[in-house]
Amino acid sequence: MPKLLLMKRNRTIIRNPLPIIFYIAFFLLSCQSDNNEEGKDAARAKMIARAAKLELDTEYNAPPGDALSHYTAGYAKIMCSAVFITGLQPEFAAENVGFFVSPYAERAKVGRPIVDYENKSISITLPNGVTRTAIYVGDQGCVCLPEGVDSLYYKPVKVVRNLPDPNTTPWPMGDVLPGEPVPSEIDVDKVAQAVNAAFEPAEALTAAFVVTYKGKIIGERYAEGITKDTPLESWSMGKSLTATLLGILIKDGIYTLDQPAPIPQWQGNGDERAKITIMDILHMSSGLRFRAPQDPDYDPALGYPDHLFVYNGGTNSFDWAATRPQQWPPNTIGRYRNSDPVLISYLVRLGVEGREENYHTFPQRALFDKIGIRSMVMETDPYGNFLSQGYELASGRDWARLGNLYLQDGVWNGERILPEGFTQFVSTIAPAWKADGRPIYGGFFWVNGDEKRPIPKEAYMMRGAGGQSTTIIPSHDLVIVRLGHYKGAKAGGEALNKAYTLLMEAVPKNGN
């Protein structure tokens, strides 16, 4: 090897500085990476220790059934939605969509999805001969059938959209965009760069990107084969939608945030769960035993996680969540678990049916018709319970509409849709999450409290697996929607951060 350094007359002469610079940079980055990992491990250990001190003496029972069968049911459902709702080719969907409930590695263990275009169903056979099937049922989308069952336990409902023709109606109630130029304070070239950055590299698999400023679209792009009307997998952005539906019932006086949650299974016999408030649940701090892969102490050996079971198990999701025992006192430990959005969906159903209204048409009637949403498909379990913790699909523009409802403090066209203070509630760090040293979660919305993203600290987001997001930035009057196919999540997240950075340069702070 050539000599890098030559000592002469007490001077160091660098013959070729590049290798040593690279070595130093690599060393510094390695140290930084090691420090970051050590910091993460320490924070994780602290969270686990804190939770252990507060844990209650209750028993955990894992969901019943075979894990591969559950994964395969999820695979069938994901394929069904991709083919019959989004309009993707089966081969593309199998390679790129929905790994959260049906990991790519698990797909290799089962048969090829059989697409029945006539009956609109997807069937997949396991090595043991069991077949899992998902069927398209119309306005309730696709549903996983329970193992060995060939029909649903409820009758699907037609959802009527009482909205004008979008092709002749101005945005945001329709799709006709104004002809006036973008406001002069906006750097349109930077906005264009941001939109393009969201799609680079191709491995990001970005499908839709929409940017609005003060409610008006200033940037928009779609992948080949995707349009402004295409319903796309949205995953846990549905949790924020679930909070919105409950917010409407709070405005209507059906519920209050601080009341004990009236879950029927918790009433009577001194059940301690009756002390859990609606606010605790919205804060993801109900404290129920409901294992999720996101838990800091998650152990796969304990069985199939409840978090996924309410997607794939073919069970009554509301009853499963409501019958889980308490692990911690409410409002003490923050954990990202589907028990809580499922229970809020349960309260929505109880509240809507309690005033003798149709549950399945309620979202369209009470929310979507009011803000111009036409593409949203909310899917159910076999009992007709909305699985809006993650099984919903909508277009980029429709998520932008919902984001703008929050940007406008829950008011649309002069009508208050959400109660006063609700947008502040969902965007404020939940106490239990703050106590855990994670200032990142509010009321079914994520918050940039740790400043990990290149956007203002107070920005808050609807976020879903696979890189889905609707970001609300009040300080810049911005709503940013990014939707993509699951396989591109990592590259898509990096692309979104680049787009964020450019948009922060392109759009001035509003001074509020």
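The shown structure was predicted, so the numbers you read here are calculated from the model rather than taken from an experiment.

Trainee: For the overall build of the chain, give the residues involved together with the corresponding values.
Mentor: Summing up its helical and strand segments, the chain has 15 helices and 17 strands in all. Relative to the compact-globule value of 24 Å for 512 residues, the chain shows a C-alpha radius of gyration of 24 Å, a close match. Based on the C-alpha atoms only, the size of the chain along its principal axes is roughly 90 × 60 × 50 Å. Taking as baseline every contact in the chain between residues at least 6 positions apart, the subset at least 24 positions apart corresponds to 66%.

Trainee: Got a sec to walk through the nonpolar core? Specific residues and values, please.
Mentor: Counting residues in hydrophobic clusters, the biggest one holds 139 residues, and the most contacted among them are Phe209, Leu367, Leu402 and Tyr406. When near neighbours in sequence (up to four residues on either side) are disregarded, leucine 402 contacts Leu241, Thr244, Leu367, Ile371, Ile373 and Met462. The next biggest cluster of nonpolar side chains, apart from the first, holds 6 residues, and it includes Ile135, Val143, Leu145 and Tyr154.

Trainee: An account of the sheet that holds strand E11 (residues 392-394) is requested, with residue identities and associated values reported.
Mentor: Taken together, 3 strands build an open sheet; the order of strands is E9-E11-E10 and the sheet is antiparallel. Each edge of the open sheet carries a strand with a single partner, namely strand E9 (232-233) and strand E10 (377-378). The sheet contact formed by E10 and E11 spans 2 bridges and is antiparallel. The residue bridging methionine 378 from the neighbouring strand is glutamate 392, located in E11.

Trainee: Before we move on, could you go through the side chain of arginine 273 and cite the residues and values that matter?
Mentor: Tracing the backbone shows arginine 273 in the loop between helix H6 (237-251) and helix H7 (278-282). Polar contacts involving the side chain of arginine 273 include one to the side chain of aspartate 271, which spans 2.7 Å. In this structure the side chain of arginine 273 is engaged in a polar contact, spanning 3.1 Å, whose partner is the backbone oxygen of alanine 322. With near-sequence residues (within four places) excluded, arginine 273 lies in contact with Gln265, Trp266, Leu288, Ala322, Thr323, Arg324, Pro325 and Gln326.

Trainee: Describe in detail the state of the cysteines, supporting the description with residues and values.
Mentor: Should the sulfur atoms of two cysteines be covalently bonded, the bond is a disulfide. A full pass over the atoms with the stated rule returns 1 disulfide. In this model cysteine 80 forms its disulfide with cysteine 142; the gap between the sulfur atoms is 2.2 Å. Where cysteine 80 bonds to cysteine 142 through sulfur, the torsion about that S-S bond is close to -75 degrees, and the disulfide is left-handed. On the criterion of sequence distance, the pair formed by cysteine 80 in helix H2 (residues 67-86) and cysteine 142 in strand E6 (residues 142-144) is long-range, its members being 62 residues apart. Just as cysteine 80 is buried, cysteine 142 falls in that class too. Here cysteine 144 is not disulfide-linked; the sulfur of cysteine 80 is the nearest cysteine sulfur, at 8.7 Å.

Trainee: A description of the packing of aromatic side chains should follow, citing residues and the corresponding values.
Mentor: Centre distance and the angle of the planes are the two values used to describe a pair of aromatic rings. By the definition in use, this model includes 22 aromatic pairs. Their ring planes at 25 degrees and their centres at 5.1 Å tell us that phenylalanine 318 and tyrosine 346 sit as a pair that is stacked. Highlighted residues: phenylalanine 318 in helix H9 (residues 317-322) and tyrosine 346 in helix H10 (residues 339-354), separated in sequence by 28 residues. Each member of the pair, phenylalanine 318 as well as tyrosine 346, is classed as buried. A centroid spacing of 4.7 Å and a plane angle of 45 degrees characterise the contact between tyrosine 359 and phenylalanine 386, whose relative ring orientation is tilted. With tyrosine 359 in the loop between H10 and helix H11 (362-371) and phenylalanine 386 in the loop between E10 and E11, this pair connects stretches of sequence that are 27 residues apart. Assessed through its relative accessible area of 4%, phenylalanine 386 is described here as buried. Put simply, the rings of Phe100, Trp235, Tyr311 and Tyr391 pair up and form one aromatic cluster.

Trainee: Could you give an account of the packing of H6 against H10, with specific residues and numbers?
Mentor: Relative orientation of the contacting elements H6 and H10 amounts to 35 degrees, with a least axis distance of 9 Å. For the crossing formed where H6 meets H10, the hand is left-handed. In this structure, H6 uses Lys239, Thr242, Leu245, Leu246 and Leu249 to contact H10, whose residues at the interface are Pro341, Ile344, Ser345, Leu347, Val348, Gly351 and Val352.

Trainee: Give me the lowdown on the packing of H6 against H11, citing residues and values where you can.
Mentor: Closest axis-to-axis distance for the H6/H11 pair is 11 Å, and the angle between their directions is 90 degrees. What the angle tells us is that H6 and H11 run roughly perpendicular. From H6, Leu241, Thr244, Leu245, Ile248 and Leu249 reach across to H11, where they touch Phe362, Pro363, Ala366, Leu367 and Phe368. Broken down by class, the residue content of the contact of H6 with H11 amounts to 9 nonpolar, 1 polar and no charged.

Trainee: Mind laying out the sheet that holds strand E17 (residues 478-484), listing which residues take part and the relevant values?
Mentor: As summarised here, the arrangement of the 6 strands in space is E8-E7-E17-E16-E15-E14, forming an open sheet in which the pairing is antiparallel. Taken across any chain shown, the strands that pair with only one partner, and hence form the sheet edges, are strand E8 (216-222) and strand E14 (446-447). Alignment of strand E16 (residues 468-473) against E17, held across 5 bridges, turns out to be antiparallel. Of the residues in E17, the one forming a bridge with serine 469 is arginine 482. On the sheet, helix H5 (residues 188-197) packs against strand E7 (206-213) and E8 and is oriented at approximately 35 degrees with respect to E8. Sheet contacts for helix H12 (residues 396-407): E7, E8, strand E15 (460-464), E16 and E17; angle to E17, the most-contacted strand, approximately 150 degrees.

Trainee: Lay out H6 in plain terms, naming residues and giving numbers.
Mentor: Taking 1.5 Å of rise per residue, the 15 residues of H6 would be expected to cover 21 Å, and the 22 Å separating its terminal C-alpha atoms lies within 8% of that figure. Along H6, 14 of the 15 residues are buried, which leaves the element largely enclosed by surrounding structure. Glycine 253 occupies a position one or two residues after H6 and carries a positive phi of about 85 degrees.

Trainee: Residues and numbers for the pattern of salt bridges, please.
Mentor: In the structure shown here, the tally under the stated rule is 29 salt bridges. Among the ionic pairs, glutamate 505 bridges to lysine 190, the shortest N-O distance being 3.1 Å. Here lysine 190 lies in helix H5 and glutamate 505 lies in helix H15 (residues 489-506), a separation of 315 residues in the sequence. Measuring nitrogen to oxygen at the nearest pair gives 3.0 Å for the salt bridge that ties lysine 490 to glutamate 494. Here lysine 490 pairs with glutamate 494, and both are found in helix H15, just 4 residues apart, close to one helical turn. Here glutamate 494 falls in the partly exposed class, since its relative accessible area comes to 43%. Connected through salt bridges with shared partners, the residues Asp175, Glu220, Lys228, Asp229, Arg397, Asp398 and Arg401 form a single ionic network.

Definitions and limits used
- Residues numbered from 1 in each chain as written.
- Predicted model: local features only at pLDDT ≥ 70, side-chain atom pairs only at ≥ 80, totals over all residues.
- Heavy atoms only, no water.
- Helix = DSSP H or I, 4+ residues; strand = E, 2+ residues; numbered from the N terminus.
- Rg over C-alpha atoms; globule rule 2.2 N^0.38 Å.
- Contact = heavy atoms within 4.5 Å.
- Core = buried A, V, L, I, M, F, W, Y, C linked by side-chain atoms within 4.5 Å.
- Buried < 20%, exposed > 50% of the residue type's maximum accessible area, 1.4 Å probe, protein only.
- Pairing = 2+ DSSP bridges.
- Polar contact = N/O pair within 3.5 Å; in protein donor to acceptor, adjacent residues only side chain to side chain.
- Disulfide = S-S within 2.5 Å.
- Phe/Tyr/Trp six-rings, centres within 6.5 Å; stacked < 30°, edge-to-face > 60°.
- Axes fitted to C-alpha atoms, helices over the stretch in contact; angles between N-to-C directions.
- Left-handed = near helix turned anticlockwise from the far one by under 90°.
- Parallel < 35°, antiparallel > 145°, perpendicular 65-115°, else oblique.
- Nonpolar A, V, L, I, M, F, W, Y, C, P; charged D, E, K, R; others polar.
- Expected span 1.5 Å × (residues − 1).
- Salt bridge = Lys/Arg side-chain N within 4 Å of Asp/Glu carboxyl O.

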